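Topology and contacts: notes
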Amino acid sequence: MEMGNHSWGTDFILVGLFQYGQMDALLFTVITILFAVALIGNITLVLLIRMDRRLHTPMYFLLSQLSIIDMMYISTTVPKMAANFLSDTKTISFLGCEIQAFVFLSLGGSEALLLGFMSYDRYIAICQPLHYPVLMSRKICCSMVSCAWSSSSINALVHTLYAFQLPFCGSRIVNHFFCEVPSLLPLVCEDTSQYEHTILMSGLVILMLPFLAILASYACVLVVVFQMHSGKGQSRALSTCSSHLTVASMFYVTTLSTYTQPHSLHSPSRDKVLAVLYSVVTPVLNPFIYSLRNN
């Protein structure tokens, strides 16, 4: 097929979680339940924060933004995946694949940066409480959210435009359950090693820096709390930090494993398991961990 019409003339075929239609009915049920729990949990959290004036604080403003991102994040992949469980064709148009990749990258990057800003909020609240009203004003919070959305969207746009102009001249079978840039590179019939270096650098900036900021923030929080010599305060801090770090680590470690490796080292089955963790499980857990475990 000529490069002039390879892009728009052929659909992609999504293999799904398992090849050959294994356990489609069970997976459809499980994924649908997780999707419903994620939507209900995040919608409830956003409504509660909006309705209760006591929750009109920087921490809960950022948490509501995280819930909005999670609702959109899981909605980008799960409906198409669930539909493919019941479909024989499992196709997605080139444009649909491109849009899905762009939206997924934008939301994933926004979540990664927002989690870092949320840890900074906790650091200021506990380690610099007298400066909290100034350092976490409404204007600064809005700037944080705008920075997360704009920078991740620009990064996603660059990667999407570049990746989808590459020559897909071989098979159109994507061994994944959604259109993710690393899963599309094996279909490209030219050397992508230079582009993989760009993905690596983007991953380190968008993912690694916020993760290191989270680790540093919680380390400072724990140091301050343990200096207070309060047994109850120490146990609450450990409970909160450990639960937050568990979910954050699952998100960052799995995404880094996907976006910081050359495609020659990728395992499709492992990549799909990792993708389920950061695209499905994390949006389900976030509203519960960051609200119920927010001592």
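Residues numbered from 1 in each chain as written. Predicted model: local features only at pLDDT ≥ 70, side-chain atom pairs only at ≥ 80, totals over all residues. Heavy atoms only, no water.

The name given to the protein in an unreviewed UniProt entry is Olfactory receptor, with Myodes glareolus as the source organism. According to its UniProt record, the protein has this under Subcellular location (unreviewed entry): "Cell membrane". (UniProt positions renumbered as here; feature names shortened; annotations may be inferred.)

1. Description of the overall build of the protein
Broken down by element type, the protein carries 10 helices and 3 strands. Listed by position from the N terminus, the elements making up the protein come as α-β-α-α-β-α-α-α-β-α-α-α-α. Computed over its C-alpha atoms, the radius of gyration of the protein comes to 20 Å, within 12% of the 19 Å expected for a compact globule of 295 residues. Intrachain contacts of the protein at a sequence separation of at least 6 include 80% that bridge at least 24 residues. With the model as given, the accessible surface of the protein reaches about 14000 Å², and the carbon-plus-sulfur share is 69%. Both charge centroids of the protein, one from 14 positive and one from 14 negative side chains, sit 19 Å from each other. (Helix = DSSP H or I, 4+ residues; strand = E, 2+ residues; numbered from the N terminus. Rg over C-alpha atoms; globule rule 2.2 N^0.38 Å. Contact = heavy atoms within 4.5 Å. Areas by Shrake-Rupley, 256 points an atom, 1.4 Å probe, with all protein chains shown as cover. Lys, Arg positive; Asp, Glu negative; His and termini not counted. Charge placed at Lys NZ, Arg CZ, Asp CG, Glu CD.)

2. A short note on the state of the cysteines
Summed over the entire model, instances satisfying the criterion amount to 2 disulfides. Sulfur-sulfur distance for the disulfide between C97 and C179 comes to 1.9 Å. Here the S-S torsion is close to -120°, and the disulfide linking C97 with C179 is therefore left-handed. Taken as a pair, C97 in helix 4 (residues 94–127) and C179 in the loop between strand 3 (173–174) and helix 7 (181–184) lie far apart in primary sequence, 82 residues in all. Residue classification places C97 among the buried residues on the basis of a relative accessible area of 0%. Each sulfur of the disulfide joining C169 and C189 lies 1.7 Å from the other. Of the two residues, C169 is situated in the loop between helix 6 (138–163) and strand 3 and C189 in the loop between helix 7 and helix 8 (193–227); the sequence distance between them amounts to 20 residues. On the accessibility criterion, C169 (40% relative accessible area) is partly exposed. Judged by relative accessible area, C189 falls into the partly exposed class, the value being 44%. In this structure C127 is a free cysteine whose sulfur lies 5.6 Å from that of C220, the closest cysteine sulfur available. By relative accessible area, which is 17% here, C127 ends up buried. For C147, which is in no disulfide, the shortest distance to another cysteine sulfur is to C142 and amounts to 13 Å. (Disulfide = S-S within 2.5 Å. Buried < 20%, exposed > 50% of the residue type's maximum accessible area, 1.4 Å probe, protein only.)

3. With respect to the UniProt feature "transmembrane region" (unreviewed entry) in the protein
Here, the residues flagged by UniProt with the feature "transmembrane region" (unreviewed entry) are residues 25–48, 60–79, 99–120, 140–162, 199–225, 237–253 and 273–292. Between the C-alpha atoms that bound residues 99–120 the distance is 32 Å, and the span itself is 100% helix and 0% strand. As annotated, residues 199–225 comprises 100% helix and 0% strand, and the C-alpha atoms at either end are separated by 38 Å.

4. Some thoughts on the confidence of the model for the protein
Across the protein, pLDDT averages 87, with 94% of residues at or above 70. Within the protein, helix 6 carries the highest mean pLDDT (96), whereas helix 1 (residues 3–6) carries the lowest (40). Confidence drops under a pLDDT of 50 for residues 1–8, and excluding neighbours within four residues, the segment shows 14 contacts in the predicted structure. (pLDDT = per-residue confidence, 0-100.)

5. Let's talk about the packing of aromatic side chains
This model, assessed by the stated rule, comprises 12 aromatic pairs. Residues F94 and F168 carry aromatic rings whose centres are separated by 6.5 Å and whose planes lie at 70° to one another, so their mutual orientation is edge-to-face. Remark: F168 occurs in the loop between helix 6 and strand 3 and F94 occurs in helix 4; sequence separation between them is 74 residues. Accessibility expressed as a relative area gives 2% for F168, which makes it buried. Considering the side-chain rings of F177 and F178, the 5.0 Å spacing of their centres and the 55° angle between planes classify their relative orientation as tilted. Both residues of the pair, F177 and F178, count as buried. One Lys or Arg, R172, reaches over the ring of F12 and ends 4.8 Å from the middle of that ring. (Phe/Tyr/Trp six-rings, centres within 6.5 Å; stacked < 30°, edge-to-face > 60°. Lys NZ or Arg CZ within 6 Å of the ring centre and 35° of its normal.)

6. So, the UniProt feature "domain: G-protein coupled receptors family 1 profile" (unreviewed entry) in the protein
Here the UniProt feature "domain: G-protein coupled receptors family 1 profile" (unreviewed entry) sits at residues 41–290. This span, residues 41–290, is 78% helix and 2% strand, and a straight line between its end C-alpha atoms measures 11 Å.

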